[in-house]
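# Results of the structural survey
Listed below, chain by chain, are the residues.
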Amino acid sequence: MKIIVGFGNPEQKYNFTRHNFGFLFLDFYAKIHKLEFQSSPKFLADIAKQDTLLFVKPKTFYNEIGQSVLSLVNFYKLNPSEDLIVVCDDFNLPFGQIRYRKKGSSGGNNGLKSIEKYLNTTDFQRIRLGSENEALRKKIGDVDFVLSKFTPEERENLPEIMKNALETLKSNIS
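Notes on the structure in this doc start here. (Residues numbered from 1 in each chain as written. Predicted model: local features only at pLDDT ≥ 70, side-chain atom pairs only at ≥ 80, totals over all residues. Heavy atoms only, no water.)

Looking only at helices and strands, one finds seven helices and seven strands in the protein. In sequence order, the secondary structure elements of the protein are arranged as β-α-β-β-β-α-α-β-β-α-β-α-α-α. In terms of overall dimensions, the protein is globule-like: its C-alpha atoms have a radius of gyration of 15 Å, near the 16 Å expected for 174 residues. On the principal axes, the C-alpha backbone points of the protein span a range of 45 × 35 × 30 Å. Each of the 174 residues in the protein was classed as buried or not, and the buried ones make up 49%. The contacts in the protein between residues at least 6 apart in sequence include a share of 69% that link residues at least 24 apart. For the protein, the accessible area works out to roughly 8700 Å², and carbon and sulfur atoms hold 49% of it. Across the protein, the centroid of the 25 positively charged side chains sits 3 Å from that of the 21 negatively charged ones. (Helix = DSSP H or I, 4+ residues; strand = E, 2+ residues; numbered from the N terminus. Rg over C-alpha atoms; globule rule 2.2 N^0.38 Å. Buried < 20%, exposed > 50% of the residue type's maximum accessible area, 1.4 Å probe, protein only. Contact = heavy atoms within 4.5 Å. Areas by Shrake-Rupley, 256 points an atom, 1.4 Å probe, with all protein chains shown as cover. Lys, Arg positive; Asp, Glu negative; His and termini not counted. Charge placed at Lys NZ, Arg CZ, Asp CG, Glu CD.)

Put into structure tokens, the structure is as follows:
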């Protein structure tokens, strides 16, 4: 069993915001593979299953994603370094760039910090989706930036970014 956790905030008002890039990716994957997310209060998440893969959208807010991840890791007795892949936004990466790492630091990402805190490790895989827009970020500040919607120009590029992220995920699931 492997879990793929997308990062985001659960309320509808956060759809198509930078912080919900992970949710957006999981929704893209689910649509292509005809998967449906089901509410799972036990795990504080919406979950879709495909064979031995669980796709997880935590219902906690972004900064407490670790709660949901810990409950899944414990229940399924998973090894985070082998069985956990997270998909999150990264405003330090150029928009559309995708970076995969087997482990690493949070880089200031509060969702990653939450998982590190709850699992007591940085040893888990991550796919970071670049969301940088330097001009907008300077104009409105970091907090408002991560909660801002993608610009129309950025939205045009989302399908291609999602396809590239899908290839990154496929090449790193073993």
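Tallied over the entire structure, the rule returns ten aromatic pairs. Their ring planes at 15° and their centres at 6.3 Å tell us that Phe21 and Phe95 sit as a pair that is stacked. Here Phe95 lies in the loop between strand 5 (84–94) and strand 6 (98–101) and Phe21 lies in helix 1 (residues 21–33), a separation of 74 residues in the sequence. By way of ring pairs, the aromatic residues Phe21, Phe95 and Phe150 are connected into one cluster. A cation over an aromatic ring shows up here: Lys57 above the ring of Phe23, its NZ or CZ 5.6 Å from the ring centre. (Phe/Tyr/Trp six-rings, centres within 6.5 Å; stacked < 30°, edge-to-face > 60°. Lys NZ or Arg CZ within 6 Å of the ring centre and 35° of its normal.)

Strand order across the open sheet formed by seven strands is 2-3-4-1-5-7-6, with mixed pairing between neighbours. Among the strands making up the open sheet, the edge pair consists of strand 2 (38–40) and strand 6. Here the average twist between neighbouring strands, direction ignored, is 30°. In terms of strand pairing, strand 5 meets strand 7 (residues 125–132) through seven bridges, oriented parallel. Along strand 7, the bridge assignment pairs Asp90 with Gly130. With respect to the sheet, helix 1 is in contact with strand 1 (2–6), strand 3 (45–50), strand 4 (53–58), strand 5 and strand 7, its orientation differing from that of strand 4 by roughly 140°. (Pairing = 2+ DSSP bridges. Axes fitted to C-alpha atoms, helices over the stretch in contact; angles between N-to-C directions.)

In this section: the packing of helix 2 (residues 65–76) against helix 4 (residues 110–119). Where helix 2 meets helix 4, the closest approach of the two axes is 7 Å, and the angle between their N-to-C directions is 45°. Here helix 2 lies oblique to helix 4, going by the angle between them. The two elements helix 2 and helix 4 meet at a crossing, and its hand is right-handed. Between helix 2, through Ile65, Gly66, Gln67, Val69, Leu70 and Val73, and helix 4, the contact on the second element is made entirely by Ser114, Ile115, Tyr118 and Leu119. For the contact of helix 2 with helix 4, the residue count by class is seven nonpolar, three polar and no charged. (Parallel < 35°, antiparallel > 145°, perpendicular 65-115°, else oblique. Left-handed = near helix turned anticlockwise from the far one by under 90°. Nonpolar A, V, L, I, M, F, W, Y, C, P; charged D, E, K, R; others polar.)

With twelve residues, helix 2 should cover 16 Å at 1.5 Å per step; its first-to-last C-alpha distance of 17 Å lies within 8% of that length. For helix 2, the set of buried residues is Ile65, Gly66, Ser68, Val69, Leu72 and Val73. One side of helix 2 carries all its buried residues, which in axial view fall inside an arc of 160°. On its buried side, helix 2 packs onto strand 1, strand 3, strand 4, helix 3 (80–83), strand 5 and helix 4. The first or second residue beyond helix 2 is Lys77, which carries a positive phi of 55°. (Expected span 1.5 Å × (residues − 1). Arc of directions from axis to C-beta.)

Geometric values such as these leave the question of function open.
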